[in-house]
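This is what each chain is made of:
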Amino acid sequence: IRRDAALIAALGLTTAATFVSELNGVLIKVLYLIILATAGLSGEHEERGNERIDVTEKIRLGIIGCGGIARSRHITGLTMLKNAGLDNFEVTACCDVVDDNVQAVAAHARQHQGANPQIYHDWEELVCKAPIDAVDICLPHGMHHVVGISCLDAGLHVLVEKPYTVSIKTGR
């Protein structure tokens, strides 16, 4: 695993272990690694359907599921990355069936990250229509594999916490 000393220093921490423990379970390290990996996956360009993406530009990130974990950990972790100088991504879309949840995450992205994400209430619509390169799936465990596979099939990069699936059968 690549450690970024500049990011750790920018957060005022001394070691990668402190970095992880100080964030109190925030998946900032994982978010950071996926953003780095997404940015460099295919050299200069990457194909998404008929669209060619210049990966030297910011990664357009969609958040699917804007409930508790998205509001308390993921969006705040993304803001911490921005504040630490990692500015190669932008939250461009948010989705939740509960309007208050999606509005709260979008408002945080606007206020703390300078983003202006599009709002969706249907994850399938977000996957088909949103201006995104990657998704952060923050849904109940039973939906991880369904949404994750659909996003991968659509050519998106996917960040999903464990468990990826809730049964051996669906995990195959």
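As the structure is a prediction and not an experimental result, all values here were calculated from the model.

Peer 1: Describe the overall build of the protein, and please don't skip the residues or the numbers.
Peer 2: Of regular secondary structure, the protein possesses eight helices and seven strands. By sequence separation, contacts in the protein at least 24 residues apart represent 63% of the contacts at least 6 residues apart. In the form shown here, the protein has an accessible surface area of approximately 8800 Å², with 53% of it arising from carbon and sulfur atoms.

Peer 1: So what about the packing of aromatic side chains? Which residues, and what values?
Peer 2: For the coordinates displayed, the defined rule picks out zero aromatic pairs. Its end group placed over the ring of F89, K82 keeps NZ or CZ at 4.5 Å from the ring centre.

Peer 1: An account of the confidence of the model for the protein is needed here, citing residue identities and associated values.
Peer 2: Any segment with low pLDDT has predicted coordinates that should not be analysed in fine detail. Mean pLDDT over the protein stands at 78; residues scoring 70 or higher make up 67%. Taking the mean pLDDT of every element in the protein, the minimum, 45, falls on helix α2 (residues 16-22) and the maximum, 98, on strand β5 (residues 118-120). Segment residues 15-27: pLDDT under 50, and 21 contacts once partners within four positions in sequence are set aside and those in other chains are kept. Every residue in residues 41-46 scores below 50 in pLDDT, and together they form 18 contacts with partners more than four places removed in sequence or on other chains.

Peer 1: Account for the packing of helix α4 (residues 68-83) against helix α5 (residues 99-113), with residues named and values stated.
Peer 2: Relative to each other, α4 and α5 sit at 15°, their axes nearing to 10 Å. With respect to each other, α4 and α5 are oriented roughly parallel. As for the relative orientation of α4 and α5, their crossing is right-handed in sense. Residues A70, R71, I75, T76, L78, T79 and K82 of α4 pack against N101, A104, V105, H108, A109, H112 and Q113 of α5.

Reading the values: the criteria
- Chains are numbered independently. Their residues run from 1 in the order of the written sequence.
- In view of the model being predicted, local features appear only for residues whose pLDDT reaches at least 70, and side-chain atom pairs are presented and counted only at 80 or more, with totals across whole chains, interfaces and linings using the full set of residues.
- Processing note: side-chain calculations cover all non-hydrogen atoms of the structure and skip hydrogens and water entirely.
- To qualify as a helix, a DSSP run of H or I must reach at least 4 residues; to qualify as a strand, a run of E must reach at least 2; elements of each kind are numbered from the N terminus.
- The contact criterion used is simple: two residues touch if any of their non-hydrogen atoms lie within 4.5 Å.
- Residue burial considers only the protein chains on display, and all accessible areas are found by Shrake-Rupley using a 1.4 Å probe.
- Put simply, two rings from Phe, Tyr or Trp (the six-membered ring, in Trp's case) pair if the centres are within 6.5 Å, and we call them stacked under 30 degrees between planes, edge-to-face over 60, tilted for the rest.
- Whether a charge lies above a ring is judged from NZ of Lys or CZ of Arg, which has to be within 6 Å of the ring centre and within 35 degrees of the ring normal.
- Each residue carries a pLDDT score, the predictor's own confidence in it, on a scale running from 0 to 100.
- Note on definitions: angles span 0 to 180 degrees between N-to-C directions of axes, and those axes are lines fitted to C-alpha atoms, for helices only across the stretch in contact.
- When describing relative orientation, an angle under 35 degrees is termed roughly parallel and one over 145 degrees roughly antiparallel, while 65 to 115 degrees is termed roughly perpendicular and anything else oblique.
- Handedness of a crossing follows from how the near helix is turned relative to the far one, being left-handed for an anticlockwise turn of less than a right angle and right-handed for a clockwise one.

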